[in-house]
Amino acid sequence: MVAYAEDHEDFLPEHPRDAKQYLDDESYDSRDMWLNPYQGDDAVIDRGDFDGVATRFGGYVFINLGENIDEIMEPSKTILAYTAKVSEKQTTRGVQFVDGHVESWEEEQLRAALPEGVDVDALDGP
């Protein structure tokens with residue numbers, strides 16, 4: 001996502017699939033790359049889920065797509081994506097930030113950190 005932005009006047013892609021050129025073809029086509037550990041092999045990668053603010057792609061929910069990363073005040077604190085909850089066994093969420101680092105958060109921590117208008121539960125499910 002960051003490599004895409006660097007080549008597109010600092011704008012993040014509008015959709016995760018737009019970053020395909022930054023992955024080798026074998027990686028992009030690998031279902032494993034887009035699934036989180038709680039998803040099964042029969043999961044649909046591009047379900048077309050969009051709640052007006054966030055986009056579900058594979059096992060991840062993306063926010064701040066299409067934004068200019070130079071205008072994001074705190075990229076190390078601004079969420080770019082998090083794992084969708086696809087199983088009741090899943091108790092934590094992987095959270096990726098605009099600066100590229102990733103952390104593991106409890107669901108309540110994620111819920112409190114999401115920007116207004118993002119419903120942590122809206123794009124969950126298998």
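Here, every reference points to the structure presented above.
Definitions and limits used
- Residues numbered from 1 in each chain as written.
- Predicted model: local features only at pLDDT ≥ 70, side-chain atom pairs only at ≥ 80, totals over all residues.
- Heavy atoms only, no water.
- Salt bridge = Lys/Arg side-chain N within 4 Å of Asp/Glu carboxyl O.
- Helix = DSSP H or I, 4+ residues; strand = E, 2+ residues; numbered from the N terminus.
- Buried < 20%, exposed > 50% of the residue type's maximum accessible area, 1.4 Å probe, protein only.
- Pairing = 2+ DSSP bridges.
- Axes fitted to C-alpha atoms, helices over the stretch in contact; angles between N-to-C directions.

Asker: For this particular structure, what's the right way to read the pattern of salt bridges?
Answerer: Charged atoms that come close allow side chains of opposite charge to pair. What the rule picks out here adds up to 10 salt bridges. When the shortest N-O distance is used, the salt bridge between Arg 93 and Asp 124 registers 2.9 Å. With Arg 93 in strand 4 (residues 92-97) and Asp 124 in the segment after helix 4 (107-113), the pair connects residues that are 31 residues apart, well separated along the chain. Considered together, Arg 93 and Asp 124 belong to a single accessibility category, that of buried residues. A network of salt bridges, in which partner residues are shared, links Lys 85, Glu 88, Arg 93, Glu 107, Glu 108, Arg 111, Asp 121 and Asp 124.

Asker: In this structure, what is going on with the sheet that holds strand 3 (residues 79-83)? I would like to understand it.
Answerer: Within a sheet, each strand pairs with its neighbour through backbone hydrogen bonds, oriented either parallel or antiparallel. One open sheet accounts for 5 strands, arranged 1-2-3-4-5; its pairing is antiparallel. Edge positions in the open sheet fall to strand 1 (55-57) and strand 5 (102-106), since each of these has one partner strand only. Neighbour to neighbour, the strand axes of the sheet diverge by 30 degrees on average, direction disregarded. Alignment of strand 2 (residues 60-62) against strand 3, held across 3 bridges, turns out to be antiparallel. Bridged to Phe 62 within strand 3 is Ala 81.

Asker: Got a minute to help me understand the pairing of strand 4 in this structure?
Answerer: Every regular strand shows the same layout, with side chains that alternate between the two sheet faces. Here strand 4 shows a buried face lined by Arg 93, Val 95 and Phe 97 and an unburied face lined by Thr 92, Gly 94 and Gln 96. Sheet topology places strand 3 next to strand 4; 3 bridges connect them, and they run antiparallel. Its bridge partner being in strand 4, Ala 81 is matched across the sheet by Gln 96. Pairing analysis gives 5 bridges linking strand 4 to strand 5, with the strands arranged antiparallel. Bridge pairing in strand 5 links Gln 96 to Val 102. In this antiparallel pair of consecutive strands, strand 4 and strand 5, the connection spans 4 residues, and Gly 100 shows a positive phi of 100 degrees.

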